There are 2 protein chains.
Amino acid sequence: MELTDAPAVWLRDNCPCALCRDPRNGQKLFQITDLPAEPVIASTRELPGGSGTEVIWAPDGHRSVYAPGRPGQDTAATGDGRTEADKETWVAADLAGRVPEATWAEYLADRAERERVLADVARLGFALLRDVPRRPGQVLDVAASFGFVRETNYGELFDVRVEPDPNNLAFTGARITPHTDNPYRDPVPTLQLLHCLTNAAAGGDSGLVDGFRAAALLRAENPEAFEVLTRTPVPFRFADAHTALRADRPLIDVDARGRIREIRFNNRSIGTLRLPAGELTAFYAAYRAFGELLQRPGLQLDFRLTPGDCLIFDNTRLLHARTAFAESGARHLQGTYADLDGLFSTLSVLRRQRPLDDLAALFAGQGAEQYLGEEVTQAQHMLQAAALAEADGASPALIAAGLLHDIGHFHSTVSGEDLMAGTDNRHSHTGADLLARWFGPEVTEPVRLHVAAKRYLCAVEPEYFGRLSAASVHTLEVQGGPMTGAEADAFAANPYARDAVALRRWDDRAKDAATVAPGFEHWRAMLAGLLRTDVA
Amino acid sequence: MELTDAPAVWLRDNCPCALCRDPRNGQKLFQITDLPAEPVIASTRELPGGSGTEVIWAPDGHRSVYAPGRPGQDTAATGDGRTEADKETWVAADLAGRVPEATWAEYLADRAERERVLADVARLGFALLRDVPRRPGQVLDVAASFGFVRETNYGELFDVRVEPDPNNLAFTGARITPHTDNPYRDPVPTLQLLHCLTNAAAGGDSGLVDGFRAAALLRAENPEAFEVLTRTPVPFRFADAHTALRADRPLIDVDARGRIREIRFNNRSIGTLRLPAGELTAFYAAYRAFGELLQRPGLQLDFRLTPGDCLIFDNTRLLHARTAFAESGARHLQGTYADLDGLFSTLSVLRRQRPLDDLAALFAGQGAEQYLGEEVTQAQHMLQAAALAEADGASPALIAAGLLHDIGHFHSTVSGEDLMAGTDNRHSHTGADLLARWFGPEVTEPVRLHVAAKRYLCAVEPEYFGRLSAASVHTLEVQGGPMTGAEADAFAANPYARDAVALRRWDDRAKDAATVAPGFEHWRAMLAGLLRTDVA
């Protein structure tokens, strides 16, 4: 949506200024009722250099500055990832040869692998971790690797094996047909983990059915049945000596837009429906139709858990099943529940960290090349600048600025060689603009100003010029030479001038061929903590 | 609904037989698709003595026996307690002088008080526990008293006080207008607890608004706005260095029947809506209307938390607020999240235990009276029977049968005195029928048979009659005298005959004026574990 097409109240509600949003946490500082009843745009103006659009509001004179691009936070139009709109639904054949899996060791060691596994749970509804240590209680560590355990009446952790006095069929050797767990809870646990410690019994194979696909099939084939199941609250119940749970929820829940969002299917725990006879008849017909569809050949993915496997699956979407097993045989799983919101959060944070992988690759690739006319590589130069900043007690943001200050050399269309040949590549600006996608101004602005800081220091510190390396002297002229007095005054008024000058001094010293500074990985966790949080 | 009016498939789905429901846990043992496509009633028959209705099914010949009363589990038609249909909504004046509260000590000590407090949270949306020890971490114990803590990115427990680098406005001294917490989580934590450790700062008063009442007012006054808010998913967001949460949920969520079920209202964390301009305009008008309504004078209940107070409130319904406070002042709350399903479960289990209070009162009241012609009171007689059963290693159910075997004397319209005067009060049957409302057949049937067991033993053990007390000899004749051979054979064939005979022998010995058996409270926990779980 173009800024001028947007309803004024929406635009005003998305004002990014520090009076409207707490710069510390991005939370809005006003209530909807604090806005004028009908905010009106008094004037708009494009800011110089394409840096955004200024809006002055009537009647209160509030000033908003919107960055280029679509206004507001970067919220995708598709949704929060939880409805059918954001899923890849499947039947068993779709996953032939590509069941989502990873080893526990890879998952732990590699950010990209963790992201892939969690993305598979989000997109396909499940993933299988292999070679998870067969230690009792380990399943809680798997859950903690991406979220929070949801304790229930079955405990933080439950043992799935034959029990002498079971309060649930899960704790017998009986066959269990496809179902979702804990439908009698509201909120239902949205994730389940099952960790296989032993599986030597005859039988006890596992199965998964994509309930979203099945519900979509029902909608296509029998829209009336689908409709009935979405609007009939079903009384799910569970009771034992210590527990009496009940939740009235539909078998197929849709969101406010009618998109499939949650499946509950568990005949074992459906209590007695109390409805007029006509509604009962319609419900039972629809319930049977869905039940038959869930058993349709080809839907269910069959597999066998082997010791060390840990299955993570979406309990709002996938139905799970197992074949009967001999109660005399050794079969022992440990399970726990967790929630999708925590998993999605971890996934988003991992995605947010992707640029760090890109930066690491740059340091290892282009960064290993010689730094224009100096005796160190470009990467070593920046690593030394970061180390010097740290040694001087700089803030993490300013250390990061030191680490990344010459990143513009890598990505610019005008290369560093061009700069040496007499064309300014404006690498401080291209670097800062690149970094602004991932970091806030406390990182980007010292980078942006670090060339200007050289011109500034040449103007205000007569002895500074004498300390510049030959290459720096060479590039100074291309970059504009020492500042005039007026330029220097303007520079000093910039709120980031002080940081830029500090950065500049580390920059000048970070060219020691005899020093080896800590590598990029040393800084990864610090950089992760500085990444912008206001992008999706 | 009369049994014959019910749709056949519904009736069949609610068959209570041991083939259809696991007697150990009440779970259904078949899938909907295991039933005949169109089950038909082949025949029905009323069983002798009004004990139920037998149905024989075609085509499979399955036999169901339905107990008298409405068939199926006792599921109320109203719902699971979570929608407006099951709430008492309020404005501040409604609660004048009756803010739901209890002391922590009373709450811990008294089942009825715990039930009342949790019922207030269910019905009114909140309760205030007073004099909760001001120990850091105590709030987790309060949550554990009725449910399970829900851990979030704020931890298991969070400190509400001024933080140097807050990731949330809650951790500043700012005024916070009425809102619900964590709307960016799905599932949202459905309960919040706030425990006041210190509140010496100027300001920092608390407020609660009933969001269900406000939403109902909006529906009445501005149905279009209500409708818009129920069908517009709002992208709630929260992000910091470790977290990136998003949930697209409406401000007012209704259940499958259109009843208000969940409110999310938190302007601080609403991200950028991406909708066509017309929908944005309609949404913002409705959002403002709801926001204005929530601030309407009279809705908000104002109070001040004092040290030791712990507020428990429904985060799907109540909005909470606080006035600004001086950041220099000492104000420290500890909070945690939990879930309503656990609280409702605990409430149901407490309600299930009400009959134990009634039984305790009977033991203390009528039970203190003299036992018909014996040297012990009725209560002491039954307590001795229980103690003898325990000493002989009887099961909890059979100990309970011993404890309660003469309960029919209390409640019968024909009193024990009538029995002594020559009219059989059939106290074993009335007692068993009374107990059947709360206990299973393993408790009730030995009670039912304990008089028959006397007649049986007189028939099969010649020396037994000689050991009877004078009063027992007297009542034997009224009760029918020794059994005939055929009667004795029939008795012995009853699956509970063995337990009834054991009970009878403890009954006969439990008349020792020199013994004082443990009192009723000694057995309360054991009885609680035996209560039927298949009633609401």
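Residues numbered from 1 in each chain as written. Chains lettered and ligands numbered in written order. Predicted model: local features only at pLDDT ≥ 70, side-chain atom pairs only at ≥ 80, totals over all residues. Heavy atoms only, no water.

(A) Here's a closer look at the pattern of salt bridges. Residues and elements named next belong to chain A. Summed over the entire model, instances satisfying the criterion amount to 90 salt bridges over all chains. The salt bridge involving Asp 94 is made with Arg 213; its shortest N-O contact spans 3.7 Å. Taken together, the residues Asp 94 in the loop between strand E3 (63–66) and strand E4 (101–103) and Arg 213 in helix H5 (residues 211–221) connect sequence positions 119 residues apart. Where salt bridges share partners, they join Arg 111, Glu 115, Arg 351, Arg 354, Asp 357, Glu 521 and Arg 524 into one cluster. (Salt bridge = Lys/Arg side-chain N within 4 Å of Asp/Glu carboxyl O. Helix = DSSP H or I, 4+ residues; strand = E, 2+ residues; numbered from the N terminus.)

(B) Spatial organisation of the sheet that holds E3(A). All names here are of chain A. Spatially, E1-E2-E3 is the arrangement adopted by the three strands of the open sheet, whose pairing is antiparallel. At either margin of the open sheet sits one strand with a lone partner, and together these are strand E1 (40–46) and E3. Neighbour to neighbour, the strand axes of the sheet diverge by 25° on average, direction disregarded. Of the strand pairs in this sheet, strand E2 (residues 53–58) and E3 are connected by four bridges, and their pairing is antiparallel. Residue Thr 53 lies in a different strand from E3, and its bridge partner there is Tyr 66. (Pairing = 2+ DSSP bridges. Axes fitted to C-alpha atoms, helices over the stretch in contact; angles between N-to-C directions.)

(C) Structural view of the packing of aromatic side chains. Tallied over the entire structure, the rule returns 28 aromatic pairs over all chains. Measuring from ring centre to ring centre gives 5.0 Å for A:Phe158 and A:Tyr337, while their planes differ by 35°; the resulting arrangement is tilted. Of this pair, A:Phe158 sits in strand E6 (residues 158–160) while A:Tyr337 sits in strand E17 (residues 331–338), and the two are 179 residues apart along the sequence. Side by side, A:Phe158 and A:Tyr337 carry an identical accessibility label, which is buried. One aromatic cluster is present, built from ring pairs that chain together A:Tyr154, A:Phe158, A:Phe171, A:Tyr184, A:Phe238 and A:Tyr337. Above the plane of the ring of A:Phe344 lies A:Arg82, whose end atom (NZ or CZ) is 6.0 Å from the centre. The residue whose ring lies beneath B:Arg219 is B:Phe226, and the NZ or CZ to ring-centre distance is 5.2 Å. (Phe/Tyr/Trp six-rings, centres within 6.5 Å; stacked < 30°, edge-to-face > 60°. Buried < 20%, exposed > 50% of the residue type's maximum accessible area, 1.4 Å probe, protein only. Lys NZ or Arg CZ within 6 Å of the ring centre and 35° of its normal.)

(D) Focus on H5(A). Residues and elements named next belong to chain A. Of the residues making up H5, those classed as buried are Gly 211, Phe 212, Ala 214, Ala 215 and Leu 218. End-on view of H5: buried residues confined to an arc of 160°, all on one side of the axis. In this fold, the buried residues of H5 make contact with strand E9 (206–210), helix H6 (223–231), strand E12 (252–254), strand E13 (260–263), helix H7 (277–294) and strand E16 (318–322). The opening residue of H5, the one whose side-chain oxygen lies 3.0 Å from the backbone nitrogen of Phe 212, is Asp 210. (Arc of directions from axis to C-beta. Contact = heavy atoms within 4.5 Å. Polar contact = N/O pair within 3.5 Å; in protein donor to acceptor, adjacent residues only side chain to side chain.)

(E) Structural context of the interface of chain A and chain B. Taken together, the 103 residues of chain A in the interface contact 102 residues of chain B. Across the interface of chain A and chain B, roughly 8800 Å² is buried in total on both sides, 47% from carbon and sulfur atoms. Counting across the interface, chain A meets chain B through eight salt bridges. Between A:Arg82 and B:Asp186 there is a salt bridge, and its shortest N-O distance comes to 3.2 Å. Applying the counting rule to chain A against chain B returns 44 residue pairs in polar contact (both at pLDDT 80 or more). Looking at the side of chain A that touches chain B, the elements with two or more residues in it are helix H1 (8–13), H6, strand E10 (234–240), strand E11 (243–249), H7 and helix H8 (340–352) of chain A. In terms of residues, the side of chain A that touches chain B owes the most to one element, H7(A), which gives nine residues. Its residues assigned to classes, the side of chain A that touches chain B shows 40 nonpolar, 31 polar and 32 charged. (Buried area = accessible area lost by both parts, 1.4 Å probe. Nonpolar A, V, L, I, M, F, W, Y, C, P; charged D, E, K, R; others polar.)

(F) Region of the structure containing unusual backbone geometry. All names here are of chain A. Here the bond from Asp 186 into Pro 187 is cis, since omega is 5°, no more than 30 degrees from zero. Looking at the element boundaries, Pro 187 is found in the loop between strand E7 (176–179) and strand E8 (191–199). Despite not being glycine, Asp 131 has its phi angle at roughly 60°, a positive value.

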